Amino acid sequence: MSSTKRGAFVVIEGLDKSGKSTQASLLHDRLQDSQDAGDTAPPKVVLLKFPDRTTAIGKMIDAYLRSESDLDDHAIHLLFSANRWELASTITAYLTQGTTVLADRYAFSGIAFTARKGLSYEWCRAPEVGLPAPDLTLFLNISPEVAAARGGYGLERYEREDVQTDVRRVFDKIGRAMQEEGEGKWVEIDAGKNKEEVAEDLWRAVEPLVTGIHGPINRLWE
Ligand code: Z5A
Ligand code: MG
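This structure is a prediction, so every number in the text was calculated from the model and none was measured. (Residues numbered from 1 in each chain as written. Chains lettered and ligands numbered in written order. Predicted model: local features only at pLDDT ≥ 70, side-chain atom pairs only at ≥ 80, totals over all residues. Heavy atoms only, no water.)

### Examining the overall build of the chain
In terms of helices and strands, the chain carries eight helices and five strands. Its helices and strands in sequence order give the chain the pattern β-α-β-α-α-β-α-α-β-α-α-β-α, from N to C terminus. Against the 2.2 N^0.38 benchmark of 17 Å for 222 residues, the chain shows a C-alpha radius of gyration of 17 Å, consistent with a compact globule. Seen through its C-alpha atoms, the chain measures out along the principal axes to roughly 50 × 35 × 35 Å. (Helix = DSSP H or I, 4+ residues; strand = E, 2+ residues; numbered from the N terminus. Rg over C-alpha atoms; globule rule 2.2 N^0.38 Å.)

Set out below in structure tokens:
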């Protein structure tokens, strides 16, 4: 086996208002501080967010989420997936050069939000097959009551209690399947604690990976 290590791919998933973006940013800063200081190239860590609303596809997704456009359920699902595929080679390149990649949401959100509309789990999963697979997925779990206390739901399309309840069910199914299939590690985190405590729990799971990983980059469900 080659002694060269690649970067680790860490995904943060979770329910609405569970603090994914807050924790992704804290984790990014901690990873940067924990490693060599200074302007190193390649970067030690990068943070990606899905949907990435800056790309041409991302702009269509943004308009849909803000209810400025309507799209067939299949079509929007494929756009979310395409939004990941347009970054797949970038993720692979970062990992290969030793950079840790953090993603705020990923394929699992894609499956959960479309399957709850009634499309089959298998159909929802199909376009995600072959994407770079996370080495670790941190699932931020939070009760609807605690999430509601964090300012209530916003104005975007899926920010409704009934949607979030259904999404929670699909996420449970995905978590169980990931554990049974051995598809990368899926760790559930209690996101109802305060920000610092949640950050510590995440760090405990991520720290063993920050020095890099031996072995190839896996592909989701392949
Ligand atoms: N979607 C999809 O359908 N298909 C896909 O493939 C993908 C996504 C990738 C937009 O996503 C929508 O796209 C989303 C899923 C769908 N629809 N919904 N719902 P987004 O990622 O852009 O959504 P968002 O706007 O970032 O919301 P969010 O992710 O649900 O929030 P969050 O990132 O988990 O939480 P946060 O912004 O970090 O924190 C929320 C608030 O709580 C904020 O005021 C924090 O200061 C506070 N907070 C955070 N942590 C704590 C703790 N520990 N204690 C107290 N308060 C806290
Ligand atoms: Mg967020």
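Here the narrative resumes.
### Let's talk about the packing of aromatic side chains
Going through the model one piece at a time under the given rule, you end up with eight aromatic pairs. Ring plane angle 55 degrees and centroid distance 5.0 Å describe the contact between phenylalanine 139 and phenylalanine 171, whose orientation is recorded as tilted. Of the two residues, phenylalanine 139 is situated in strand 4 (residues 136–141) and phenylalanine 171 in helix 7 (residues 161–181); the sequence distance between them amounts to 32 residues. In this structure an aromatic cluster arises from ring pairing among Phe108, Phe139, Phe171, Trp186 and Trp221. A cation over an aromatic ring shows up here: arginine 157 above the ring of tyrosine 64, its NZ or CZ 3.7 Å from the ring centre. Here lysine 173 stacks its cationic end above the ring of tyrosine 121, 4.4 Å away from the centre of that ring. (Phe/Tyr/Trp six-rings, centres within 6.5 Å; stacked < 30°, edge-to-face > 60°. Lys NZ or Arg CZ within 6 Å of the ring centre and 35° of its normal.)

### So, the environment of glutamate 156
If you trace the backbone, glutamate 156 turns up in the loop between helix 6 (144–149) and helix 7. A sequence separation of 90 residues divides glutamate 156 from arginine 66, and the C-alpha atoms of the two residues are 5.2 Å apart. Every residue in contact with glutamate 156, bar those within four places of it in the chain, is listed here: Arg53, Leu65 and Arg66. (Contact = heavy atoms within 4.5 Å.)

### A short note on the site of ligand 1
The full set close to ligand 1 counts 26 residues, and Asp16, Lys20, Thr22, Lys49 and Arg105 are the nearest of them. The side chain of arginine 84 places a nitrogen or oxygen atom 2.9 Å from an oxygen atom of ligand 1. Here a nitrogen atom of ligand 1 sits 3.2 Å away from a polar atom, N or O, in the side chain of arginine 150. Calculation on ligand 1 without its partners gives an accessible area of 1,100 Å², and the protein chains cover 81% of this total. Listed by contribution, the elements that provide at least two residues to the shell around ligand 1 are helix 1 (20–34), helix 3 (73–96) and helix 4 (107–115). Broken down by class, the residue content of the shell around ligand 1 amounts to seven nonpolar, eight polar and eleven charged. (Near = heavy atom within 4 Å. Polar contact = N/O pair within 3.5 Å; in protein donor to acceptor, adjacent residues only side chain to side chain. Areas by Shrake-Rupley, 256 points an atom, 1.4 Å probe, with all protein chains shown as cover. Nonpolar A, V, L, I, M, F, W, Y, C, P; charged D, E, K, R; others polar.)

### Section: helix 1
Taking 1.5 Å of rise per residue, the 15 residues of helix 1 would be expected to cover 21 Å, and the 20 Å separating its terminal C-alpha atoms lies within 8% of that figure. Buried residues of helix 1: Lys20, Gln23, Ala24, Leu27, His28 and Leu31, and no others. Each buried residue of helix 1 sits inside an arc of 140 degrees when the element is viewed along its axis, so together they form one side. Elements in contact with the buried residues of helix 1: strand 1 (9–14), strand 2 (45–49), strand 3 (100–104), strand 4 and helix 8 (195–206). (Expected span 1.5 Å × (residues − 1). Buried < 20%, exposed > 50% of the residue type's maximum accessible area, 1.4 Å probe, protein only. Arc of directions from axis to C-beta.)

### Some words on unusual backbone geometry
The omega torsion of the bond from phenylalanine 50 to proline 51 falls at 0 degrees, within 30 degrees of zero and hence cis. Note on placement: proline 51 falls in the loop between strand 2 and helix 2 (56–65). Residue lysine 17 is not a glycine yet carries a positive backbone phi of 65 degrees. Mapped onto the elements, lysine 17 comes out in the loop between strand 1 and helix 1. With a phi close to 60 degrees, serine 67 is a non-glycine residue in the positive phi region.

### Points about the sheet that holds strand 2
Spatial strand order, 2-3-1-4-5: five strands in an open sheet with parallel pairing. In the strand order of this sheet, the two ends are held by strand 2 and strand 5 (185–190), each with one partner. In this sheet, neighbouring strand axes are inclined to one another by 20 degrees on average, regardless of whether the strands run parallel or antiparallel. Looking at chain direction, strand 2 and strand 3 are connected through five bridges and run parallel. (Pairing = 2+ DSSP bridges. Axes fitted to C-alpha atoms, helices over the stretch in contact; angles between N-to-C directions.)

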